[in-house]
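# Breakdown of the fold
Each chain is listed here by its residues.
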Amino acid sequence: MAAAAGGEATEGEEHRIATKYFATLQFEANGPTVEGEWTDGTTAWRTYRDWVGLYGSNPSVVIRLIEETDGRRQVLKTWTEQGEAG
């Protein structure tokens, strides 16, 4: 719902579920994460694919494609040295 001043939804407004997409890249387990965020899933998928092509041969890399809807994240694809899962 859209929020009125004070953060409350006003009568008659619809609740819109926002979906965001993320591509994340880590060069080592528990290391820093590079993260991109988009509202367009195609752009996130393209970035995931490009990162796999650029960095996927690194033995410790972890690359993820994630969808977030209403604050809840779901990993759609994961790339590790063993290949792709998801």
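Scope of this entry: the structure provided in the associated data block. (Residues numbered from 1 in each chain as written. Predicted model: local features only at pLDDT ≥ 70, side-chain atom pairs only at ≥ 80, totals over all residues. Heavy atoms only, no water.)

### Details of helix α1 (residues 41–55)
- When the terminal C-alpha atoms of α1 are compared, their 21 Å separation across 15 residues agrees well with the 21 Å that a helix rising 1.5 Å per residue should span.
- Residues of α1 that are buried sit in contact with β1 (19–26), β2 (34–38), β3 (62–69), β4 (72–80) and β5 (83–85).
- The backbone nitrogen of Thr42 has a side-chain oxygen 3.2 Å away, supplied by the residue at the start of α1, namely Asp40. (Helix = DSSP H or I, 4+ residues; strand = E, 2+ residues; numbered from the N terminus. Expected span 1.5 Å × (residues − 1). Contact = heavy atoms within 4.5 Å. Polar contact = N/O pair within 3.5 Å; in protein donor to acceptor, adjacent residues only side chain to side chain.)

### Examining the pattern of salt bridges
- Across all of its chains, the model carries 6 salt bridges by this definition.
- One salt bridge connects Arg49 with Asp50, and the closest N-O pair in it is separated by 3.7 Å.
- A residue is classified by how much of its surface remains accessible, and Arg49, at 46% relative accessible area, is partly exposed.
- The class of Asp50 is partly exposed, set by a relative accessible area of 36%.
- Note that Glu84 is salt-bridged to Lys77, the shortest N-O span being 3.8 Å.
- Three or more residues are tied together by salt bridges with common partners; here these are Lys20, Glu35, Glu37, Glu68 and Arg73. (Salt bridge = Lys/Arg side-chain N within 4 Å of Asp/Glu carboxyl O. Buried < 20%, exposed > 50% of the residue type's maximum accessible area, 1.4 Å probe, protein only.)

### Quick notes on the sheet that holds β5
- Spatial strand order, β2-β1-β3-β4-β5: 5 strands in an open sheet with antiparallel pairing. Whereas interior strands pair on both sides, the edge strands pair on one side only; in this sheet they are β2 and β5. Neighbour-to-neighbour, the strand axes of this sheet turn through a mean angle of 20 degrees, independent of strand direction.
- Pairing of β1 with β3 involves 8 bridges; the strand directions are antiparallel. Note that in β3 the partner of Gln26 across the bridge is Val62.
- Together, β1, β2, β3, β4 and β5 form the strand contacts of α1, whose direction differs from that of β1 by roughly 10 degrees. (Pairing = 2+ DSSP bridges. Axes fitted to C-alpha atoms, helices over the stretch in contact; angles between N-to-C directions.)

### Overview of the packing of aromatic side chains
- Within the structure shown, the criterion is met by 2 aromatic pairs.
- Judged by centre distance (5.2 Å) and plane angle (90 degrees), the ring pair of Phe27 and Tyr55 falls under edge-to-face. In this pair, Phe27 is assigned in the loop between β1 and β2 and Tyr55 in helix α1, connecting sequence segments 28 residues apart.
- Given a relative accessible area of 37%, Phe27 falls into the partly exposed group.
- Residue Tyr55 is classed as partly exposed on the basis of its relative accessible area, which comes to 30%. (Phe/Tyr/Trp six-rings, centres within 6.5 Å; stacked < 30°, edge-to-face > 60°.)

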